[in-house]
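Analysis of the macromolecular model
Chain by chain, the residues:
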Amino acid sequence: MALDERKRKNDRRRAVQQWRKEFYSRLAKIFVIALAVVMVVNIIKRDKSFSESENRVLAKKPEFSWESIKSGKYMTEFESYVSDQFVLRNQWITLKLYEDKFLGKRESNGVYLGKKGYLMEVPSEPDWENVKRNVESMSAFAEKHPDIPVYMSLAPNASYILKDKMPYGAPARDQAADIREVNKMAGDKLLKIDLSGVLSKHAQEAIYYKTDHHWTSLGAYYAFGELAKEMKIENTAGGYNIYTVADDFQGTLASKSGYHGSEDVVQVYEPKGIETDYIVMYVDEGKKSTSLYESECLNDKDKYTVFFGGNHARVDISTTQKERRNLLLFKDSYANCMVQFLLPYYQNIVMVDPRYFYDSVENIIQSYGITDVLFLYNVDTFLGDNSIADVLAEEVKEPEDGDEGAEETEGAEDAENPGGAEDTGDAGNPEGAEDTGNSEDTGDTGNDEDAAE
């Protein structure tokens with residue numbers, strides 16, 4: 001009996017061992033087959049050049065050379081290429097998010113998972129060498145044009161203003177200290193406009209998107225109040241009609257983190273009592289429009305691009321404003337939704353994004369008779385920028401026989417000037433502004449039913 005019992009136990013043990021061996025063998029085969037399928041799909045699938053969900057250009061396959069192999073550049077670029085072009089990349093990001101949340105992590109792919117559905121980009125470390133170079137170039141530019149006031153305004157990011165929405169224990173960079181350091185570098189040549197105070201005062205309002213790294217139109221509205229005071233913009237609108245053009249916006253931080261639990265509202269503002277006709281010229285693209293807004297972008301994932309359709313090297317706006325004030329605006333994407341507030345008070349606004357601009361700034365100044373210059377950036381972008389100094393280093397190029405000047409002001413000549421903007425008193429506040437609700441067809445802003453195009 002004892003021998004039979006021992007034999008049965010040995011048989012069971014061998015059966016279990018055989019089952020485990022076959023199970024792990026089959027699992028290994030499945031893994032190898034799945035890995036092979038993924039590799040084949042990655043090889044045969046067409047590479048994407050742009051990620052709509054992340055709103056950025058994706059890495060391309062690097063060119064092979066012995067020099068790049070020896071320097072290590074090829075492998076670094078190839079790693080970025082594989083990461084960006086990997087099949088089902090967005091789904092893997094979402095899967096990683098759920099894993100991180102299960103493990104109690106509050107940061108995913110460089111994005112803090114904040115309170116009340118807020119997503120906030122982890123601030124990058126400043127490149128102080130480039131910051132100093134940029135600020136010195138800006139100061140030299142201001143010194144070169146003593147008759148033109150040159151303003152600098154840096155908007156703090158959500159991770160600083162909304163510190164109470166940050167995950168517990170997450171480090172928040174002191175951007176107020178960063179702004180003080182930049183102001184110290186700038187000296188007295190630049191006229192600084194501080195936005196930290198007014199944004200902090202309204203921190204409990206929806207001044208930043210929950211799912212995107214930009215401020216909202218409401219945040220830009222409050223910032224405009226500070227800009228108007230310092231830039232001597234008078235007779236500002238007494239209130240605004242507010243149009244909701246999208247209520248299902250999930251921005252770049254949602255895509256980057258994989259978290260899609262929040263949605264944002266996108267709004268545009270129209271000043272009450274002020275009618276301003278204008279023409280928008282997208283210079284590099286050779287395109288003209290009669291609206292700041294691109295309604296087709298509301299069908300895209302990144303609905304913030306309803307403002308001008310995104311970033312462009314240069315955009316010229318000519319208005320029917322009689323007062324001869326012409327603004328040169330150096331900017332990042334934060335300024336895109338600010339222009340709707342600046343528009344009625346300038347005859348011309350020339351928007352320059354130094355990241356993509358390679359022409360002459362001096363030609364713009366001469367051609368348009370620029371009266372004001374504003375550098376408007378969010379702090380995080382400004383501290384990592386490496387393009388401002390190069391743009392400002394452009395030598396003065398005289399137009400030949402006035403041809404370039406005529407080309408620069410083409411948009412201005414296309415706009416009629418039937419009269420100036422109506423004086424409507426002091427700037428209003430959102431409590432007195434009328435929200436007209438959703439707008440599906442976002443046409444000309446002169447129409448109360450349609451807010452944006």
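One structure accompanies this document, and this report is about it. Only a predicted model underlies this, so the values are computations on that prediction, with no experimental measurement involved.

On to the nonpolar core, then. Core analysis: the largest hydrophobic core is formed by 69 residues, its most contacted members being Trp215, Phe308, Ile317 and Met338. In terms of residue count, helix H9 (residues 217–230) provides more of this core than any other element does, eight residues in total. In this view, Phe308 contacts Val280, Tyr282, Leu292, Glu294, Val315, Ile317, Asn336, Val339 and Met351; residues no more than four positions away in its chain are not counted. Ranked by size, the runner-up nonpolar core spans 32 residues in total, among them Ala142, Leu328, Val350 and Val352.

Below, the discussion takes up the packing of helix H5 (residues 128–144) against helix H7 (residues 175–186). When two helices pack together, their arrangement is given by the angle between the helix axes and by the axis-to-axis distance. Between H5 and H7, the least distance of the axes is 9 Å, while the angle of their chain directions is 45°. For the element pair H5 / H7, the angle class is oblique. Judged by the sense of rotation from one axis to the other, the crossing of H5 with H7 is right-handed. Contact residues: Trp128, Val131, Lys132, Val135 and Ser139 in H5; Asp178, Glu181, Val182, Met185 and Ala186 in H7. Among the residues making up the contact of H5 with H7, the classes are represented as six nonpolar, one polar and three charged.

Bringing unusual backbone geometry into the picture now. In this model, Asn235 sits at a positive phi of 55°, which is unusual for a non-glycine residue. When you line up the elements, Asn235 lands in the loop between H9 and strand E8 (240–249). The exposure class of Asn235 is partly exposed, given its relative accessible area of 38%.

The next subject is the packing of aromatic side chains. Aromatic ring pairs are defined here through the distance separating the ring centres and the angle between the ring planes. Counted by the stated rule, this structure contains 18 aromatic pairs. Between Phe224 and Tyr345 the ring centres are 6.0 Å apart and the planes differ by 15°, which places this aromatic pair in the stacked class. A residue pair is termed long-range when its members are at least 10 positions apart, and Phe224 in helix H9 and Tyr345 in the loop between helix H11 (339–342) and strand E14 (348–352) qualify at 121 residues. Residue classification places Phe224 among the buried residues on the basis of a relative accessible area of 1%. Exposure remark for Tyr345: the relative accessible area of 6% places this residue in the buried category. Taking 5.9 Å as the distance between ring centres and 65° as the angle between the ring planes, the aromatic pair formed by Tyr293 and Phe307 counts as edge-to-face. With Tyr293 in the loop between strand E11 (287–289) and strand E12 (314–319) and Phe307 in the loop between E11 and E12, this residue pair connects regions lying 14 residues apart in the sequence. You'll find Tyr293 and Phe307 in the same group, each marked buried. Grouping aromatic residues by their ring pairs yields a cluster made of Tyr221, Tyr222, Phe224, Tyr240, Tyr269, Phe341 and Tyr345. Here Lys163 stacks its cationic end above the ring of Tyr160, 3.9 Å away from the centre of that ring.

Parameters at a glance
Residues numbered from 1 in each chain as written. Predicted model: local features only at pLDDT ≥ 70, side-chain atom pairs only at ≥ 80, totals over all residues. Heavy atoms only, no water. Core = buried A, V, L, I, M, F, W, Y, C linked by side-chain atoms within 4.5 Å. Buried < 20%, exposed > 50% of the residue type's maximum accessible area, 1.4 Å probe, protein only. Helix = DSSP H or I, 4+ residues; strand = E, 2+ residues; numbered from the N terminus. Contact = heavy atoms within 4.5 Å. Axes fitted to C-alpha atoms, helices over the stretch in contact; angles between N-to-C directions. Parallel < 35°, antiparallel > 145°, perpendicular 65-115°, else oblique. Left-handed = near helix turned anticlockwise from the far one by under 90°. Nonpolar A, V, L, I, M, F, W, Y, C, P; charged D, E, K, R; others polar. Phe/Tyr/Trp six-rings, centres within 6.5 Å; stacked < 30°, edge-to-face > 60°. Lys NZ or Arg CZ within 6 Å of the ring centre and 35° of its normal.

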